[in-house]
Amino acid sequence: MKYDVIVVGAGHAGCEAASAAARMGSKTLLVTMNMQTIGQMSCNPAMGGVAKGQIVREIDALGGFSGIISDETAIQFRMLNRSKGPAMWSPRVQSDRWRFAEKWRLTLEQIENLEFIQSTVDAVTTDTSGITGIVLQNGVQVAGNSVVLTSGTFLNGIMHIGERQITGGRSSEGSAKGITACLNALGFESGRMKTGTPPRLDGRSLDYSKFEEQKGDDQPGKFSFTDTKALTKQRSCWISHTSEEVHDTLRASFDRSPLFNGAIQSSGPRYCPSIEDKINRFAGKTSHQMFIEPEGWETVEVYINGFSTSLPEEVQHEALRKVPGFENARFFRPGYAVEYDYFPPTQLKHNLETKLVPRLFFAGQINGTTGYEEAACQGLMAGINAHLSVRGEDAFLLDRSQAYMGVLIDDLITKGTEEPYRMFTSRAEFRLTLRQDNADRRLTELGRSFGLIDDTQWERFSKKMESFREADAWLSEQSVEPDAANSYLESMGTAALKQRGPLDTLVARPQLSLSGILENLGHDVPDFPEEVWEQVEIGRKYSGYIEKEMEQVEKLKRLENLKIPATFNFEKITALSMESRQKLGKIRPETLGQASRISGVSPADVQILMVHLGR
């Protein structure tokens, strides 16, 4: 059998890639080392968070499944950063780990064009035209017109627990040993990265009276723009803290830590360090926060977020039992670190296709990212583009002004990464327009064009857009008299009106909310959904800032429209600095905009390139 698209790996990237390619019409094969771990949450049982929540909503708006499955298996919902502006609001759910994986598998099994094989992939096969398929561990060759590699932490994976080293990419699972050598032989550059995970405990052995309870939102929201249901009941998480006594116990065994004794030399995640790394880097801090997170609705297993470690198991036991509430803690399994191979993403094009081998795509941790959400969005983009490449159609690209997904991919292929990459709102220069609430307005029409948005969701979206236009128009038509408004305005600490004026000018005032204005000024308000009014309010309140962002977007697009030929010889332009020539030659940017974002390429270099491009 020959497949249009072969997806290697069934983690978050692989699941989104396989489902997208198959639903777009490609005959797709998903190869996984273990059919029982499809969609597995390898680390914390949660989706979303700061900037990550925006990514999940973007995946959903394009027609991916991560948002739907997160909603259907959530046990708690929180909208983070509500005290800040709307560009910072980020949805997060605590998930039922087992139901999440089960739901992913059952969802994939319902897709008509998708087939499965449980096996390890040892190599890819190529000819002069590009990728031709894969070789399984048993020697069987499977032909494919395109291949998406989403190998997670399994490429030559080694797990570390103190002095012990265990071959594998995840607890109780093996590693994939052949792919790296195969890709290196084709000319790809590879490196090593490290990540880690904390111990899992029996929740019945903890004293919750010594923890701070962290409940979900009183009115829980959801990720998906479809008709998934919001939670009506939730499970709490809990907060605790380490102490200097805990730190002393851990420090006493640092000589046995693979982080400090030379066993691990690869880079770990800067923004999610292990507890020993935090103690070492922040020596002045006497306490670090820990989150006790339930793993599901029914299970007693809990995840100790903030206590990732690779110290010996007995040291983990001794230290953690000195935390208040953990005195009698029983371990299900210890924390560990895992080292694995990755391929610097500067070897990719914007569509996540490799520059060396046509129709071979990389997505997820193989590109140096960390996190389910970052992996899932890459998988979705790679799956779409693998399908398009097989059919000879133009690549689907998102730029930095369209989505956090566009920011992530551009950062990876333009700047590269030497440590696990994590998305933050600060990485997005247009974050005021790339909010979680308007992801559907930005991306649903694109998802519909690929056939990933079904008729029901499209009808729902169309109705919402019609309501938004009507609500926005209604607000523009309203006016307010000083006599009707001034007592309310003075009570809110904002200036009184001197004459009759448009109602929407009040919405822009930081002291006022649209709901408060409408409630107190007695207008006969049309009945539109809360999410519609929210977007109308954000648009009016931040209109000046959004207009400035859009001016910057237009400048960016002018540079992005200036294409650089694939054969362009940067070395011949002696007016460029040596550093610029070297970096431009290595990364080979596709547009002048991408060239301008490469570290070491100056504005003067960009001007020189413009001249040589005939502009």
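Conventions we followed
- Residues numbered from 1 in each chain as written.
- Predicted model: local features only at pLDDT ≥ 70, side-chain atom pairs only at ≥ 80, totals over all residues.
- Heavy atoms only, no water.
- Pairing = 2+ DSSP bridges.
- Helix = DSSP H or I, 4+ residues; strand = E, 2+ residues; numbered from the N terminus.
- Axes fitted to C-alpha atoms, helices over the stretch in contact; angles between N-to-C directions.
- Parallel < 35°, antiparallel > 145°, perpendicular 65-115°, else oblique.
- Left-handed = near helix turned anticlockwise from the far one by under 90°.
- Contact = heavy atoms within 4.5 Å.
- Buried < 20%, exposed > 50% of the residue type's maximum accessible area, 1.4 Å probe, protein only.
- Salt bridge = Lys/Arg side-chain N within 4 Å of Asp/Glu carboxyl O.
- Nonpolar A, V, L, I, M, F, W, Y, C, P; charged D, E, K, R; others polar.
- Polar contact = N/O pair within 3.5 Å; in protein donor to acceptor, adjacent residues only side chain to side chain.
- Core = buried A, V, L, I, M, F, W, Y, C linked by side-chain atoms within 4.5 Å.
- Expected span 1.5 Å × (residues − 1).
- Arc of directions from axis to C-beta.
- Phe/Tyr/Trp six-rings, centres within 6.5 Å; stacked < 30°, edge-to-face > 60°.
- Lys NZ or Arg CZ within 6 Å of the ring centre and 35° of its normal.

### Regarding the sheet that holds strand S16 (residues 289–294)
Note on sheets: strands pair through backbone hydrogen bonds, and any given pair is parallel or antiparallel.
Next up, step 1: One open sheet accounts for six strands, arranged S14-S15-S16-S17-S13-S18; its pairing is antiparallel. The open sheet is flanked by strand S14 (212–214) and strand S18 (331–333), the only strands paired with a single partner. If you compare each strand with its neighbour and ignore which way they point, the axes differ by 35° on average.

### Details of unusual backbone geometry
Next up, step 1: With a phi angle near 70°, Leu-352 is a residue other than glycine that sits in the positive phi range.
Next up, step 2: Relative to the elements of secondary structure, Leu-352 occurs in the loop between strand S19 (336–342) and strand S20 (360–362).
Next up, step 3: At Arg-359, a residue that is not glycine, the phi angle is positive and equals roughly 70°.
Next up, step 4: Among the secondary structure elements, Arg-359 is positioned in the loop between S19 and S20.

### Notes on the packing of helix H12 (residues 455–477) against helix H16 (residues 530–541)
Next up, step 1: Two elements in contact, H12 and H16, have axes separated by 9 Å at closest approach and are oriented at 50°. It follows from the interaxial angle that H12 and H16 lie oblique. Taken as a pair, H12 and H16 cross one another with a handedness that is right-handed. Residues Lys-464, Ser-467, Phe-468, Ala-471, Asp-472, Trp-474, Leu-475 and Ser-476 of H12 lie in contact with H16, whose contacting residues are Glu-531, Val-532, Trp-533, Gln-535, Val-536 and Arg-540.

### Notes on the pairing of strand S4 (residues 74–80)
Next up, step 1: With six of its seven residues buried, S4 lies for the most part within the structure.
Next up, step 2: Relative to strand S5 (residues 90–95), S4 is paired through six bridges, and the arrangement is antiparallel. Bridge assignment links Phe-77 to a residue of S5, and that residue is Val-93.

### Description of the pattern of salt bridges
Next up, step 1: As enumerated under the stated definition, the model contains 41 salt bridges in all.
Next up, step 2: Put simply, Arg-391 and Asp-4 hold a salt bridge, and the shortest N to O gap is 4.0 Å. In this pair, Arg-391 sits in the loop between helix H9 (372–390) and helix H10 (404–415) while Asp-4 sits in strand S1 (residues 2–8), placing the two residues 387 residues apart along the sequence.
Next up, step 3: Accessibility expressed as a relative area gives 36% for Arg-391, which makes it partly exposed.

### Quick look at the environment of Gln-511
Next up, step 1: With respect to the element layout, Gln-511 can be found in the loop between helix H14 (504–507) and helix H15 (514–521).
Next up, step 2: Taking the C-alpha atoms as reference, Gln-511 lies 7.2 Å from Gly-493; in sequence the two are 18 residues apart.

### Brief notes about the packing of helix H13 (residues 482–491) against H15
Next up, step 1: Put simply, H13 and H15 touch, their axes get as near as 10 Å, and they point 130° apart. Regarding the angle of H13 to H15, the classification is oblique. Relative to H15, the crossing made by H13 is right-handed. Two secondary-structure elements touch here, H13 through Ala-484, Ala-485 and Tyr-488 and H15 through Gly-516, Ile-517, Asn-520 and Leu-521.
Next up, step 2: Its residues placed into classes, the contact of H13 with H15 shows five nonpolar, two polar and no charged.

### With respect to the side chain of Thr-369
Next up, step 1: Structurally, the position occupied by Thr-369 is in the loop between S20 and H9.
Next up, step 2: Owing to a relative accessible area of 0%, Thr-369 belongs among the buried residues under this scheme.
Next up, step 3: Among the polar contacts listed, one links the side chain of Thr-369 to the backbone oxygen of Gly-364, at a separation of 3.1 Å.
Next up, step 4: For Thr-369, the side chain forms a polar contact with the side chain of Gln-378, separated by 3.0 Å.
Next up, step 5: When residues no more than four places from it in sequence are discounted, the contact partners of Thr-369 are Tyr-340, Gly-364, Glu-374, Gln-378, Leu-412 and Tyr-421.

### Things to note about the nonpolar core
Next up, step 1: Residues Ile-134 and Leu-149 are the most contacted members of the largest nonpolar core, which totals 103 residues.
Next up, step 2: Per-element tally for this core: the top contributor is H9, with 10 residues.
Next up, step 3: Ile-134 has contacts with Ile-6, Val-8, Val-31, Val-121, Ala-123, Val-124, Thr-125, Val-140, Gln-141, Val-142 and Val-147, leaving out every residue within four places of it along the chain.
Next up, step 4: Counting 22 residues, the second largest nonpolar core, distinct from the first, contains Ile-279, Met-290, Ile-292 and Val-302.

### Brief notes about the side chain of Arg-170
Next up, step 1: With respect to the secondary-structure elements, Arg-170 resides in the loop between strand S11 (164–167) and helix H5 (179–185).
Next up, step 2: A polar contact of 3.4 Å, which involves the side chain of Arg-170, links it to the side chain of Thr-37.
Next up, step 3: One polar contact links Arg-170 to Ser-42, side chain to side chain, over a distance of 2.7 Å.

### Description of helix H17 (residues 543–560)
Side chains that are three or four residues apart share a direction in an α-helix, a result of its 3.6 residues per turn.
Next up, step 1: Spanning 18 residues, H17 covers 25 Å between terminal C-alpha atoms, matching the ideal 26 Å at 1.5 Å per step.
Next up, step 2: When H17 is considered as a whole, its buried residues turn out to be Ile-546, Glu-549, Val-553, Leu-556 and Glu-560. Projection of H17 onto a plane perpendicular to its axis shows the buried side chains occupying an angular sector of 70°, all on one side. Exposed and facing more than 90 degrees away from the buried side of H17 are Glu-547, Lys-548, Glu-551 and Arg-558.

### A few points about the packing of aromatic side chains
Next up, step 1: Tallied over the full model, the rule gives 15 aromatic pairs.
Next up, step 2: Consider the rings of Tyr-208 and Phe-211, whose centres lie 5.6 Å apart with planes at 85°: the pair is edge-to-face.
Next up, step 3: An angle of 75° between the planes, with centres 4.6 Å apart, marks the rings of Tyr-271 and Phe-424 as edge-to-face. With Tyr-271 in the loop between helix H6 (244–251) and helix H7 (275–281) and Phe-424 in the loop between H10 and helix H11 (439–449), the pair connects residues that are 153 residues apart, well separated along the chain.
Next up, step 4: A residue is classified by how much of its surface remains accessible, and Tyr-271, at 42% relative accessible area, is partly exposed.
Next up, step 5: Of the aromatic side chains, those joined through ring pairs into one cluster are Tyr-208, Phe-211, Trp-238 and Phe-326.
Next up, step 6: Seen from the ring of Phe-225, Arg-57 lies directly overhead, with NZ or CZ sitting 4.1 Å from the centre.
Next up, step 7: Lying over the aromatic face of Phe-468, Arg-441 brings its terminal NZ or CZ to 4.2 Å of the ring centre.

None of the figures reported here should be taken as evidence of function without further support.
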